[in-house]
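Descriptive analysis of the structure
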Amino acid sequence: MHGPDMSRYEPAVIEPKWQKAWDEAQAFQARRDPARPKYYVLEMFPYPSGRIHMGHVRNYTMGDVVARTKAAQGFSVLHPMGWDAFGMPAENAAMERGGHPRDWTYGNIADMRAQMKPLGLSIDWSRELATCDPEYYGQQQAMFIDMMEAGLVYRKNAVVNWDPVDMTVLANEQVIDGRGWRSNALVERRALTQWFFKISDYSAELLAALDGLKDWPEKVRLMQANWIGKSTGLQFAFKTVGAPAGFETLEVYTTRPDTLLGASFAAISPDHPLAKALESDPAVAAFTALARKGGTSAEEIETAEKIGFDTGIRVKHPLDPDQELPVWIANFILMDYGTGAIFGCPAHDARDFEFATKYGLPITSVFVAQGAEDSPLTEAYVPMKSERVHYVRGFAGNAVQTGEEAIAAAVAHAEAQGYGKGVTNYRLRDWGISRQRYWGCPIPVIHCATCGVVPEKKENLPVELPYDVSFDKPGNPLDRHPTWRDCTCPKCGAAAKRETDTMDTFVDSSWYYARFTAPRATTPTVADDVDYWMNVDQYIGGIEHAILHLLYSRFFARAMHKTGHLPVKAIEPFNALFTQGMVTHEIYKTTDAQGRPVYHLPEDIVRTEAGATLADGTAVEVIPSAKMSKSKKNVVDPMHIIASFGADTARWFVMSDSPPERDVEWTASGAEATFKHLSRVWALSTRIAEMPADHKGEGDDDLLRAMHRAIAEVTSGIEGFAFNKAIAKLYEFTNAIARASASTVVMKEAIRTLSRLMSPMTPHLAEEIWTLQGGTGLCTQSPWPKADPAMLIDDSVTLPIQINGKRRAEISVPKDLSAAEVEKLALANEDVMRFLAGQTVRKLIVVPGRIINVVV
RNA sequence: GCGGGCGUGGCGGAAUGGUAGACGCGGCAGACUCAAAAUCUGCUAUCGCAAGGUGUGUCGGUUCGAGUCCGACCGCCCGCACCA
């Protein structure tokens, strides 16, 4: 006889079988159903590197558990998948190995899809999209044009990291020790005309709206708030003395206007227009070149010495025209914050103190600690703004007040006297999206000699990337593709040139969640679909996207609303956010003859009593778990796990043990133990299936109570994102069934319920048990079980008895017993009497259903 | 430096201010076996023969009662960082 062996758990047989059944039933196709509440679950879509890793398995399993549970609870669920498919790796692969970025990318997508399907995720694959599909980026271009017209896009000259070898702009994180990460060339700071989104228009709103994101991690909201970086202060103009024409005043910004009377110099950024104007002086030019060069790595910034150049220009103190302050150019003043110019108050600012000390500038205290003398300082005195200090040169004269009070007084004074005004500043800068690269969404504009910058006509969209490009030369292939680049002006018809910059890939991922609601539409979105499906009810992804991706998406949703592509309810697109931890693994290391580390894959390691060795017996150093990474070779390929244990084992394991927000350590023994457990459940189900139908057993009520408790606890565990606790409850319930000797009817009901409760984690095994135990239809499409509240209450409770807070005994009492009766029983308990030994009871605390504490 | 988080068995981790260590891993013992693997059963914070004592990073506080709340300290992790 051929066919599956019914006595063994064989995931390789049952998993493909049920995946096919779900496909045929179109079980996961999202349908707009006005009669049902909707639920939109989204995991951050992956970059198509070609291989899935355990982090993907964990991320998508979490989303799948939520999606499957919500579907069972009667929601109309949208759970889509796509690919964040533009970006540099495709171009780098083309440069290193030949081939074409498009072929590489679509090949990788096919490979990764083939690896994801065996996981049995409840994804609506009919909505799949890749951001490099012209169908997708064409709509992105349409929105770009709308946003241009709405004033949300502009061009300006900006200083960028320019790699002179690869001839491209690099992001800050691609510059390592001042050199391009790929070319190793010294990176230049070059001014280029770049495209920007006006995210700074929304600084105040993006900050204020964070308060409404109740179901986002506090940590993420805080990181975004810090990134937006609101500050309030005073902006005012110094009158200059000896400055070039056009620089009669110098605008400065300060958050500590209360220290104005301690000003001893003014300083401007090397990129300040005044510094530029002075560069005709070679000494100034030499200094600004030196000051701008400063490295970009964290250490360099931290240790960078403060350097300055005295311009000889002076400014008049606004409160005392007789007092003049020197104007310095200083390397620590940033052009793109505030006005790019400050006044220095060395007494109350650590940076200014360092600078003043170095260049012999005066250090004058404005305030001192209460009760302290105004004496020379050895370091800047910078108390909290909320602290009360003694002002010796304050606006309110000699007064004791907080910094906050003094700042308010200073702003009021400046505004009343008319020399300055209170302003709010944000650290958030406009979003530069220009990339001098091929594999990105072309910016759909045309440069015309007479009309200037003209958007492409919408009927000509998408502006499609040409396929016939080569990567044998550095630079952007679009720049040297004449037939693509040369075009006619949409306005006047004259010969013109296409923009060759492409968009930052963060633009692509800033609206894919909206596109999933109507992925094939010929407009970016469709009103009925976004109205029904938005917002994303649960978004799941890595903490590494806490700032950029999520902030850009929040901005982009607002921009889409402004241009009519999203309803106002969707300007905060993600109702709830969950950031999951990483999958980690031990690292196995040996050293080669030169003493360099050599890392080994987990599958090449033999664990022994003493530690670990290679197959040939070489001792291996075991380094504690860290994020799985190819360079450390501490990776476990999900495909291997699925091949040896099945997808259900992988899914169950990544959800068990650790809370989902924390890292989970992958261990071979844990994976094996999971497989054994699922095999036990399988065996248990087989045993129950073989019980005689009319068998009457014992303890039916106990098992049913355990079942209802399991329903309640597993459900609340899943709903509270405590998957590890839900799984712990499933273990308990499994053990309860295994130990029970109840009637066949009850045993069957219990195991069917177990399969339903396990199905979000182990959907294939659940279907198999469901069918075996006479469940109707697909387990996946059956309703989620409901706990009977009456079955959750026990008839009697066990109460611990404490004496002076130490547990000494316990009694079992009927649940409704009055407090007075409980007291009586407690005091009559022989252990209690022994411990009391005749002492007087001073106090007796009875917490009903909880505890009794006897105080003597 | 600024901001945030976390410290519980050999390990991952449970615990609305109310029996600390659920559940899992690992370990130990036993059953089955000629034997091993697999499987099953039991035990497993720690000291103690026991009675009992001690235990949630350290020190203090609030409380009838603290892993949980408050204060100080120690350690680890994460984010930001010359932002005026």
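Residues numbered from 1 in each chain as written. Chains lettered and ligands numbered in written order. Predicted model: local features only at pLDDT ≥ 70, side-chain atom pairs only at ≥ 80, totals over all residues. Heavy atoms only, no water.

Remarks on the packing of aromatic side chains
Heads up, the rule is: Pairs were defined over the aromatic rings of Phe, Tyr and Trp, the Trp ring being its six-membered one, requiring ring centres within 6.5 Å. Orientation was assigned from the angle between planes: stacked under 30 degrees, edge-to-face over 60, tilted for the rest. Only protein chains enter the accessibility calculation, which uses a 1.4 Å probe; a residue whose area is less than 20% of its type maximum is buried, one above 50% is exposed, and one in between is partly exposed.
Applying the stated criterion across every chain, the model contains 42 aromatic pairs. Relative to Tyr513, the ring of Tyr512 lies with its centre 6.2 Å away and its plane at 70°, an arrangement referred to as edge-to-face. Here the two residues Tyr512 and Tyr513 agree in accessibility, since each one is buried. Within the aromatic cluster, the residues linked to one another by ring pairs are Phe144, Trp195, Phe197, Tyr202, Trp431, Phe506, Tyr552, Phe555 and Phe556.

A few points about the environment of Met112
We apply this condition: Secondary structure follows DSSP: runs of H or I at least 4 residues long count as helices, runs of E at least 2 residues long count as strands, and numbering of each begins at the N terminus.
By the secondary structure assignment, Met112 is in helix 4 (residues 101-116). For Met112 and Cys489, which are 377 residues apart along the polypeptide, the C-alpha to C-alpha distance reads 41 Å.

Quick look at the side chain of His79
Put simply, the test is: Polar contacts here mean pairs of N or O atoms no more than 3.5 Å apart (in protein, one a potential hydrogen donor and the other a potential acceptor; neighbouring residues in sequence count only if both atoms are side-chain atoms). In this description, contact between two residues means that some pair of their heavy atoms is separated by no more than 4.5 Å.
Along the chain, the position of His79 falls in the loop between strand 2 (76-78) and strand 3 (82-83). A polar side-chain atom of His79 sits 2.6 Å from a polar atom in the side chain of Glu43. Setting aside chain neighbours within four positions, we find His79 in contact with Val41, Glu43, Gly63, Asp64, Ala67, Ser122, Ile123 and Asp124.

Considerations on the nonpolar core
The criterion, for reference: We define the nonpolar core as a collection of buried residues of types Ala, Val, Leu, Ile, Met, Phe, Trp, Tyr and Cys that are connected through side-chain atoms lying within 4.5 Å of one another.
Of all hydrophobic cores here, the largest spans 157 residues; its most connected members are Phe144, Phe197, Tyr513 and Trp666. Aside from chain neighbours lying at most four places away, what touches Phe197 is Phe144, Met147, Leu152, Val153, Asp430, Trp431, Ile433, Val507, Phe555 and Phe556. Counting residues in hydrophobic clusters, the runner-up holds 34 residues, among them Val284, Ile313, Leu325 and Ala414.

Section: the pairing of strand 27 (residues 538-542)
So the rule is basically this: In this scheme, strands are said to pair when DSSP sees at least two bridges between them.
In terms of burial, strand 27 is a largely internal element, 5 of the 5 residues being buried. With 3 bridges connecting them, strand 1 (residues 38-43) and strand 27 associate as parallel partners. Each bridged residue has a counterpart across the sheet, and for Val41 the counterpart in strand 27 is Gln538.

Things to note about the sheet that holds strand 18 (residues 397-402)
Applicable threshold: Only the contacting stretch of a helix is used when fitting its axis, a line to C-alpha atoms as for every element, and angles between N-to-C directions run 0 to 180 degrees.
If you trace the 3 strands from one edge of the open sheet to the other, you get 16-17-18, paired in antiparallel fashion. The open sheet has two free edges, formed respectively by strand 16 (367-368) and strand 18, since each of these has just one partner strand. As paired strands, strand 16 and strand 17 (residues 388-394) are joined by 2 bridges and run antiparallel to one another. Across the sheet, the residue bridging to Val368 is His390, located in strand 17. With respect to the sheet, helix 12 (residues 403-417) is in contact with strand 17 and strand 18, its orientation differing from that of strand 18 by roughly 125°.

Points about unusual backbone geometry
Backbone geometry follows two general trends: most residues other than glycine have a negative phi, and most peptide bonds adopt the trans configuration. Note that the residue after Leu461, namely Pro462, is joined by a cis bond; omega there is -5°. Secondary-structure assignment places Pro462 in the loop between strand 23 (452-455) and helix 13 (482-485). Of the consecutive residues Met534 and Asn535, the connecting peptide bond is found in the cis state with omega at 5°. Assignment of secondary structure puts Asn535 in the loop between helix 16 (527-533) and strand 27. One non-glycine residue, Gln26, adopts positive backbone phi at about 45°.

A word on the protein's contact with RNA strand B
Put simply, the rule reads: A single heavy atom is enough: if one lies within 4 Å of a molecule or strand, its residue is considered near that molecule or strand. Lys, Arg, Asp and Glu make up the charged group, whereas Ala, Val, Leu, Ile, Met, Phe, Trp, Tyr, Cys and Pro make up the nonpolar group; the residues left over, Gly among them, are polar.
For RNA strand B, the set of nearby residues contains 49 residues, the closest of which are Thr255, Lys306, Tyr337, Arg351 and Lys725. When the atoms of RNA strand B within 4 Å of the protein are grouped by moiety, sugar and phosphate amount to 61% of the total. Lys219 is positioned such that a nitrogen or oxygen atom in its side chain is 3.4 Å from a sugar or linking oxygen of RNA strand B. Within the backbone of Leu334, a nitrogen or oxygen atom sits 2.6 Å from a base nitrogen of RNA strand B. Looking at the surface near RNA strand B, the element that brings in the most residues is helix 22 (residues 723-739), giving 6 residues. Class assignment for the residues of the surface near RNA strand B results in 20 nonpolar, 9 polar and 20 charged.

Points about the side chain of Thr715
Along the chain, the position of Thr715 falls in helix 21 (residues 700-719). Exposure remark for Thr715: the relative accessible area of 12% places this residue in the buried category. Sequence-distant contacts of Thr715, defined by excluding residues within four places in its chain, comprise Gln73, Ala710 and Trp784.

Considering the sheet that holds strand 35 (residues 796-803)
If you trace the 4 strands from one edge of the open sheet to the other, you get 36-35-38-37, paired in mixed fashion. In the strand order of this sheet, the two ends are held by strand 36 (806-814) and strand 37 (843-847), each with one partner. Pairs of neighbouring strands in the sheet enclose a mean axial angle of 20°, with direction left out of account. As defined by bridge partners, strand 35 adjoins strand 38 (residues 851-855) across 3 bridges and the pair is classed as parallel. Across the sheet, residue Gln802 finds its bridge partner in strand 38, namely Asn853. In the packing of helix 25 (residues 819-828) onto the sheet, contacts are made with strand 35, strand 36, strand 37 and strand 38, and the angle to strand 37 comes to roughly 120°.

Some thoughts on helix 23 (residues 744-758)
Spelled out, the test is: In a helix, the anticipated span is given by 1.5 Å times the number of residues less one.
Along its 15 residues, helix 23 runs 21 Å from first to last C-alpha, staying within 8% of the 21 Å computed at 1.5 Å per residue. With respect to burial, helix 23 is a largely interior element, 11 of its 15 residues being buried. Those residues of helix 23 lying buried are Thr744, Val746, Met747, Ala750, Ile751, Thr753, Leu754, Ser755, Arg756, Leu757 and Met758. Contacts from the buried residues of helix 23 go to helix 2 (54-72), helix 19 (647-655), helix 20 (668-689), helix 21, helix 22 and helix 24 (763-772).

Considering the environment of Thr715
Between the C-alpha atoms of Thr715 and Glu749, which are 34 residues apart in sequence, the distance is 18 Å. Looking at Thr715, its side chain comes within polar contact range of the main-chain oxygen of Ile711, at 2.5 Å.

Describing the confidence of the model for chain A
Using the following cut-off: Residue-level confidence of the predictor is summarised by pLDDT, bounded by 0 at the bottom and 100 at the top.
Here chain A averages 89 in pLDDT, and 96% of its residues register 70 or above. Note that residues 1-5 has pLDDT below 50 and, in this model, 3 contacts with residues that lie over four places away or in other chains. Below pLDDT 50 for its whole length, residues 295-302 participates in 8 contacts with residues either more than four positions away or in separate chains. At the level of chain-chain contacts, confidence expressed as ipTM amounts to 0.94, with global pTM at 0.92.

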